[in-house]
Amino acid sequence: MEGKIMVNINKNIKKVCSFYVSNCHLATMLLPHINEKINEKVKITTILEESLQVEMKMLLEKLELNNKEKILALNWNKTEEISIKPIQNQEIIIAGSIEYIDKMHKILEELISSEEKNISVIDCYNFETSRENIKEILDNHEKVLNTAGEKEKSEYITQIKMAN
């Protein structure tokens, strides 16, 4: 990988990471989390290197979720350019390769002012393109999101040490 993993967005922004092996895995992991955030009245913005439209529709047809229509209404298409205005109580989900996520962070840095509060960014890394950088990615995030929900990253750092 060229350069370093950049996650130095505004200091008062909660930084969460996750790893996925396929678009279907990513959609499966995000759905319960997004459903919960919608219940909490959090505005959700997606920034995607690849479209998740097909996977989201397929999974939502099979699941009974209260916020099915609101979830489908989110932009699950590939993001060509960011045109968001960060607001209070917002979650921004970025999914793709390390290079794509770093590029989106550079853009977000210019858009998010230091006065913004209650903003979290979930960086969803494609495992195939980031497997050699997992420790560095974890070091640059506060928590980890997986199919069991948001967890402390210390749980994963311990698991990585045990695996080595």
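Scroll up to find the structure this text is about.
Computed from a prediction, not measured in an experiment: that's the story for all the values here.

Each value, and the rule that gives it
- Residues numbered from 1 in each chain as written.
- Predicted model: local features only at pLDDT ≥ 70, side-chain atom pairs only at ≥ 80, totals over all residues.
- Heavy atoms only, no water.
- Salt bridge = Lys/Arg side-chain N within 4 Å of Asp/Glu carboxyl O.
- Buried < 20%, exposed > 50% of the residue type's maximum accessible area, 1.4 Å probe, protein only.
- Helix = DSSP H or I, 4+ residues; strand = E, 2+ residues; numbered from the N terminus.
- Pairing = 2+ DSSP bridges.
- Axes fitted to C-alpha atoms, helices over the stretch in contact; angles between N-to-C directions.
- Parallel < 35°, antiparallel > 145°, perpendicular 65-115°, else oblique.
- Left-handed = near helix turned anticlockwise from the far one by under 90°.
- Contact = heavy atoms within 4.5 Å.

Caption draft 1: Summary view of the pattern of salt bridges. All told, the structure shown has 5 salt bridges when counted by the stated rule. Notably, a salt bridge pairs R131 with E128, separated by 2.8 Å at the nearest N-O pair.

Caption draft 2: Region of interest: the pairing of strand β4 (residues 119–126). Most of β4 is tucked away: 8 of the 8 residues are buried. Of the two faces of β4, the one lined by I119, V121, D123 and Y125 and the one lined by S120, I122, C124 and N126 are each fully buried. Relative to β4, strand β1 (residues 14–20) is paired through 7 bridges, and the arrangement is parallel. Looking at β4, one finds that S18 is bridged to C124. In the sheet, strand β3 (residues 90–96) pairs with β4 via 7 bridges, with the strands oriented parallel. Paired with Q90 across the bridge in β4 is I119.

Caption draft 3: The packing of helix α1 (residues 23–39) against helix α2 (residues 53–62), seen in detail. Two elements in contact, α1 and α2, have axes separated by 9 Å at closest approach and are oriented at 55°. Regarding the angle of α1 to α2, the classification is oblique. Here the hand of the crossing between α1 and α2 comes out right-handed. Of the residues in α2, those touching α1 at N23, C24, A27, T28, L30 and L31 are E55, M56, M58, L59 and L60.

Remember, this is a structural readout, not a statement about activity or role.
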